[in-house]
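Now for the letters of each chain:
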Amino acid sequence: MKYVRKLVTTALLVSTFCTPFAAMAEAPKALKTEAASAVDAQAKQIQVMVDQIFSYAEPGFQEVKTSEYLTDILEKNGFKVTRGVAGIPTAFTATWGEGGPLLALGSDIDDVLGVSQIPGIPNIKPIIEGAPGHGEGHNAGMPLVVAAAIAAKKVMEEKKIPGRLMIWPGVAEELLATKAYYVRDGLFNGVDACIFTHVSSDFSTGYGEMGGNGMVSVEYTFHGKTAHSAGMPWEGRSALDAVEIMDTAWNFRREHLPLTQRSHYIISNGGGQPNVVPDKASVWYYFRDRTFKSIRDLYNIGNELSEAAAKATGTTVTRQTLGYAAPNFGNKPLAEAAYANIQTVGMPKWSADDQAFTKAVQQANGRKVEPLRTAVAPLSTPESRKPSMGGGSDDIGDIMWTVPTITIRFPSNIPNMIGHNVTSAIAMATPIAHKGVTAGAKALAMTILDVMMTPKLVSDAKAYFNDVQLKTDKYDPIITKDDKPAIWLNEKTMRLMRPEMEKFYYDPAKYNTYLDQLGVKYPTLTPQ
């Protein structure tokens with residue numbers, strides 16, 4: 001009888017791992033359980049990664065320590081790292097595996113200027129006044145991807161499952177300044193599918209046209225002539241006058257633009273001192289809208305107004321594209337597969353301390369009081385979403401229009417915080433962030449196995465991409481073959497700030513958590 005049972009068991013294993021994977025609807029549940037356990041085994045490493053990157057607090061193109069840290073971990077875990085890809089010093093790819101599908105995994109790593117914040121306290125209090133900080137929560141995404149990749153790799157090695165992984169970072173996402181260059185320079189050539197992750201207060205994914213805006217980032221520089229502002233103003237031609245005329249013209253034009261557009265600017269160079277007519281001045285615009293055509297229309301209007309402003313002031317104008325983001329469009333088969341795994345994993349088990357801290361943060365900052373969510377969000381579909389009137393952008397869209405791609409949103413932050421704000425940094429090095437990353441890593445690891453073991457999922461994803469998505473619009477980026485990534489951005493800020501920021505880098509050899517290093521007791525429920 002024991003011999004018969006052994007034959008049956010052997011036959012089942014042969015059936016599972018030796019028959020064509022196309023017979024499977026998804027990876028076997030037993031292997032997904034192994035992958036989830038492999039994520040749990042990394043719980044301490046996840047906490048350290050999340051806290052470490054939070055402490056580095058590096059803005060776009062200056063993610064030097066973050067990039068070094070992540071590539072070191074990946075190399076130690078058997079990934080082959082290529083640094084400086086697409087001409088971007090902090091960008092890299094980390095690859096592993098043989099045969100099977102090539103699956104790209106990515107998340108952003110940059111932070112936001114001026115939102116330094118002590119984590120784990122309910123009130124606003126910077127670590128360093130004026131320094132950058134993770135007020136978008138980008139310190140959590142790559143730890144999730146790394147943990148999931150290591151877990152899936154372990155299962156794939158043990159079970160001899162063919163397949164390849166390529167991990168990549170979203171550099172300078174807040175500037176929307178790199179992913180279009182990744183695509184242009186061929187980083188995703190040969191990739192079968194891509195899964196991206198982004199921090200949230202919910203646990204979700206979706207497909208179809210996602211409702212946000214695409215965007216082009218462009219800086220206009222006007223060139224005039226200096227003169228003494230009081231003694232000989234008639235000899236000058238003010239570049240700053242041209243900037244102000246362009247901005248005024250754009251603000252009048254807003255009334256006659258589509259309701260879905262978003263446009264905003266800063267004067268990035270307003271001249272030197274008042275008694276010298278500025279011979280050089282610059283204004284930096286973001287033009288956002290829902291379609292490739294409407295983005296290009298806004299860009300063309302901006303160009304026309306800049307030329308008109310130059311003519312009106314006797315100056316000349318040049319322009320430089322600093323970034324681009326395509327509208328987002330998620331892949332249905334990939335989203336459905338990932339969502340099934342999100343449902344299997346479920347929301348983290350929040351503690352009473354987590355919920356008490358959440359309420360304290362919301363009350364201290366005048367935000368709507370809402371507990372940490374305990375149920376995953378519904379699958380977001382074109383039918384379930386409300387009509388979009390435009391909004392923010394994410395340059396994952398450029399990859400979405402290159403290979404079948406989805407975004408998994410994972411629950412590492414508190415509901416109702418303000419984006420790009422110190423309130424969104426408060427929880428990002430606390431148990432809330434750590435638990436959300438762990439849950440997200442489990443769902444991603446399971447989905448990796450689905451992709452590797454289910455050829456039909458890959459073929460269905462490609463069919464949806466070709467037969468549905470590409471029928472709705474055509475990828476039309478504004479960057480050209482001559483444009484270069486704006487890798488100088490934020491360099492001056494970090495040159496000035498980094499020496500002081502280095503004093504606050506997390507030291508996991510001395511402190512169990514970053515909160516411990518900062519002397520913060522969790523949960524701190526009263527303002528500090």
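Calculation notes
- Residues numbered from 1 in each chain as written.
- Predicted model: local features only at pLDDT ≥ 70, side-chain atom pairs only at ≥ 80, totals over all residues.
- Heavy atoms only, no water.
- Helix = DSSP H or I, 4+ residues; strand = E, 2+ residues; numbered from the N terminus.
- Rg over C-alpha atoms; globule rule 2.2 N^0.38 Å.
- Contact = heavy atoms within 4.5 Å.
- Areas by Shrake-Rupley, 256 points an atom, 1.4 Å probe, with all protein chains shown as cover.
- Lys, Arg positive; Asp, Glu negative; His and termini not counted.
- Charge placed at Lys NZ, Arg CZ, Asp CG, Glu CD.
- Pairing = 2+ DSSP bridges.
- Axes fitted to C-alpha atoms, helices over the stretch in contact; angles between N-to-C directions.
- Core = buried A, V, L, I, M, F, W, Y, C linked by side-chain atoms within 4.5 Å.
- Buried < 20%, exposed > 50% of the residue type's maximum accessible area, 1.4 Å probe, protein only.
- Parallel < 35°, antiparallel > 145°, perpendicular 65-115°, else oblique.
- Left-handed = near helix turned anticlockwise from the far one by under 90°.
- Nonpolar A, V, L, I, M, F, W, Y, C, P; charged D, E, K, R; others polar.
- Expected span 1.5 Å × (residues − 1).
- Phe/Tyr/Trp six-rings, centres within 6.5 Å; stacked < 30°, edge-to-face > 60°.
- pLDDT = per-residue confidence, 0-100.
- Salt bridge = Lys/Arg side-chain N within 4 Å of Asp/Glu carboxyl O.

## Some words on the overall build of the chain
Tallying secondary structure elements over the chain gives 15 helices and 12 strands in all. A compact globule built from 528 residues would reach a C-alpha radius of gyration of about 24 Å, and the chain, at 25 Å, matches this within 12%. Its C-alpha atoms give the chain principal-axis dimensions of about 105 × 55 × 40 Å. Counted over contacts in the chain with a minimum sequence separation of 6, partners at least 24 positions apart contribute 82%. Of the roughly 21900 Å² of accessible surface on the chain, a fraction of 56% belongs to carbon and sulfur atoms. Averaging the positions of the 53 positive and the 54 negative side-chain charges in the chain gives two centres separated by 5 Å.

## Topic: the sheet that holds strand β10 (residues 316-325)
Taken in spatial order, the four strands of this open sheet run β8-β9-β7-β10, and their pairing is antiparallel. Only two strands of the sheet have a single partner each, and these edge strands are β8 (262-269) and β10. With direction set aside, neighbouring strand axes in the sheet form an average angle of 20 degrees. Relative to strand β9 (residues 280-289), strand β7 (residues 214-223) runs antiparallel, the two being bridged by 10 bridges. Paired with Glu 219 across the strands is Trp 284, a residue of β9. Sheet strands touched by helix α7 (residues 239-253): β7, β8 and β9. Its angle to β9, the strand with the most contacts, is close to 20 degrees. Running at roughly 10 degrees to β7, helix α8 (residues 292-313) makes contact with β7, β9 and β10 of the sheet.

## Overview of the nonpolar core
The biggest cluster of nonpolar side chains holds 155 residues, and the ones touching the most others in it are Leu 105, Trp 168, Phe 188 and Phe 222. The residues contacting Leu 105, other than those within four sequence positions of it, are Val 145, Ala 149, Leu 165, Met 166, Ile 167, Trp 168, Ile 195, Leu 444 and Ile 448. Counting five residues, the second-largest nonpolar core is a separate cluster that includes Ala 57, Ile 128, Ala 131 and Met 501.

## With respect to the packing of helix α2 (residues 29-40) against helix α5 (residues 141-159)
Put simply, α2 and α5 touch, their axes get as near as 8 Å, and they point 135 degrees apart. Our classification of the angle between α2 and α5 gives oblique. α2 and α5 meet at a crossing whose hand is right-handed. Contacts between α2 and α5 involve Leu 31, Glu 34, Ala 35, Ala 38 and Val 39 from the first element and Ala 147, Ala 151, Lys 154, Val 155, Glu 158 and Lys 159 from the second. Grouping the amino acids of the contact of α2 with α5 by side-chain chemistry returns seven nonpolar, no polar and four charged.

## Re the packing of helix α3 (residues 43-56) against helix α4 (residues 64-76)
At a closest axis distance of 9 Å, the pairing of α3 and α4 adopts a crossing angle of 160 degrees. Relative to α4, the element α3 lies roughly antiparallel. As α3 packs across α4, the resulting crossing turns out to be right-handed. Together, Gln 45, Val 48, Met 49, Gln 52, Ile 53 and Tyr 56 of α3 and Lys 65, Thr 66, Tyr 69, Leu 70 and Ile 73 of α4 make up the contact between the two elements. Within the contact of α3 with α4, the residues separate by chemical class into seven nonpolar, three polar and one charged.

## Topic: α4
Taking 1.5 Å per residue as the helical rise, α4 with its 13 residues ought to reach 18 Å, and the 18 Å between its terminal C-alpha atoms agrees with that figure. Taken residue by residue, α4 has Thr 66, Ser 67, Tyr 69, Leu 70, Thr 71, Ile 73 and Leu 74 as its buried positions. Considering only its buried residues, α4 is in contact with α3, β1 (80-83), β2 (92-98), α5 and β4 (163-170).

## Some words on the packing of aromatic side chains
For the structure on display, the rule yields 19 aromatic pairs. When the ring of Trp 168 is compared with that of Tyr 182, the centres are 6.1 Å apart and the planes differ by 80 degrees; the resulting orientation is edge-to-face. Of this pair, Trp 168 sits in strand β4 while Tyr 182 sits in helix α6 (residues 179-184), placing them 14 residues apart in sequence. Across this residue pair, the class does not change: Trp 168 and Tyr 182 are buried. Plain terms: the ring middles of Phe 329 and Tyr 464 are 6.5 Å apart, the flat faces sit at 45 degrees to each other, and that makes the pair tilted. One end of the pair, Phe 329, is in strand β11 (residues 329-330); the other, Tyr 464, is in helix α13 (residues 455-472), and 135 residues separate them in sequence. For the pair Phe 329 and Tyr 464, one class covers both residues: buried. A connected cluster of aromatic rings, assembled from ring pairs, spans Tyr 207, Phe 292, Phe 329, Trp 401, Tyr 464 and Tyr 475.

## Quick notes on the confidence of the model for the chain
In the predicted model, the chain carries a mean pLDDT of 94, and 95% of its residues have values of at least 70. Scored below 50 in pLDDT, residues 1-23 shows 14 contacts in the model against residues more than four places distant or in partner chains.

## Re the pattern of salt bridges
Within this structure, the stated rule accounts for 25 salt bridges. Ionic pairing is found between Lys 179 and Asp 395, a salt bridge with its closest N-O pair at 2.5 Å. In this pair, Lys 179 is assigned in helix α6 and Asp 395 in the loop between α10 (352-364) and α11 (396-400), connecting sequence segments 216 residues apart. Like Lys 179, the residue Asp 395 is buried in the burial classification. Among the ionic pairs, Arg 290 bridges to Glu 209, the shortest N-O distance being 2.5 Å. Here Glu 209 lies in strand β6 (residues 208-209) and Arg 290 lies in the loop between β9 and α8, a separation of 81 residues in the sequence.

## Thoughts on the environment of Ile 118
Note on placement: Ile 118 falls in the loop between β3 (102-108) and α5. Contacts of Ile 118, omitting those with residues within four sequence positions, involve Lys 125, Pro 126, Ile 127, Leu 518 and Val 520.

## Topic: the sheet that holds β2
Spatially, six strands are ordered β1-β2-β4-β3-β5-β12 in an open sheet, and the strand pairing comes out mixed. Looking at which strands have only one partner, the edges of the open sheet turn out to be β1 and β12 (405-411). Between one strand axis and the next, the sheet turns by 20 degrees as a mean value, whatever way the strands run. By the bridge criterion, four bridges tie β3 to strand β5 (residues 193-200) in an arrangement that is parallel. Counted as the bridge partner of Leu 103 is Ala 193 from β5. Contacts from helix α9 (residues 332-345) reach β5 and β12, with the element oriented near 20 degrees to β12.

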